[in-house]
Amino acid sequence: MKKLSTVIATVVTLFSLNITTVMADGGSVYNPYIPHKPVPTGLEDTTIFFAIALVLFVLGLGALATVKILKVRQTLK
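Every value quoted in this text rests on a predicted model; they were computed, and no experiment measured them.

> Please explain the overall build of the protein chain as it appears in this structure.
Within the protein chain, the secondary structure is distributed over three helices and zero strands. Beginning at the N terminus, the succession of helices and strands in the protein chain can be written as α-α-α. Sorting the 77 residues of the protein chain into buried and exposed places 1% on the buried side. Accessible surface computed for the protein chain: about 7600 Å², of which carbon and sulfur atoms make up 74%.

Okay, here's the thing in structure tokens:
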């Protein structure tokens with residue numbers, strides 16, 4: 001309970017403060033840093049990234065299903 005109250009107090013404190021002025025990318029006029037701009041890699045704009053991710057996800061699920069089926073068959077023998 002003590003740990004939970006500490007976590008809640010920390011979260012409330014962080015959200016009650018204006019976090020953007022504390023961060024380096026904050027919108028303060030006194031901020032010496034320029035806003036962060038990600039490097040354009042081209043993968044975000046194309047659908048090939050998502051196609052490859054989908055294929056790898058399906059292959060991973062297939063491998064897990066195969067292992068589960070083989071494990072069940074092995075325990076039945």
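Read on, since the account is not over.
> So what exactly am I meant to see when it comes to the packing of aromatic side chains here?
Working definition: an aromatic ring pair is given by the centre-to-centre distance plus the angle between the planes. The final tally for this structure, using the stated rule, is one aromatic pair. Summarising the aromatic geometry, the rings of F49 and F50 are spaced 5.6 Å apart at their centres and angled 75° between planes, so their arrangement reads as edge-to-face. On the accessibility criterion, F49 (41% relative accessible area) is partly exposed.

> Would you mind going over helix α3 (residues 48–76) with me for this structure?
Residues separated by three or four positions in an α-helix point in the same direction, a consequence of the helix having 3.6 residues per turn. With 29 residues, α3 should reach 42 Å at 1.5 Å per residue; the first-to-last C-alpha distance of 42 Å fits that figure. In terms of residue burial, α3 counts as a barely covered element, since only zero of its 29 residues are buried.

Conventions and cut-offs
Numbers given to residues run from 1 along each chain, matching the order in which its sequence is written. A pLDDT threshold of at least 70 governs which residues receive local features in this predicted model, and a stricter bar of 80 or more applies before side-chain atom pairs are shown or counted, although totals over entire chains, interfaces and linings include all residues. Only hydrogens and water are removed before side-chain values are computed, so all heavy atoms of the structure are retained for them. Only DSSP runs of H or I covering at least 4 residues are called helices, and only runs of E covering at least 2 are called strands; the numbering of each starts at the N terminus. Burial classes follow relative accessibility: with a 1.4 Å probe on protein chains only, a residue under 20% of its type's maximum area counts as buried, one over 50% as exposed, and anything between as partly exposed. Shrake-Rupley sampling with a 1.4 Å probe provides the accessible areas, and residues are treated as covered by the protein chains on show and by no other component. Paired rings are identified among Phe, Tyr and Trp, the last through its six-membered ring, by centres lying within 6.5 Å, and are further divided according to the angle between planes into stacked (under 30 degrees), edge-to-face (over 60) and tilted (the rest). To estimate the expected span of a helix, count its residues, drop one, and scale the result by 1.5 Å.

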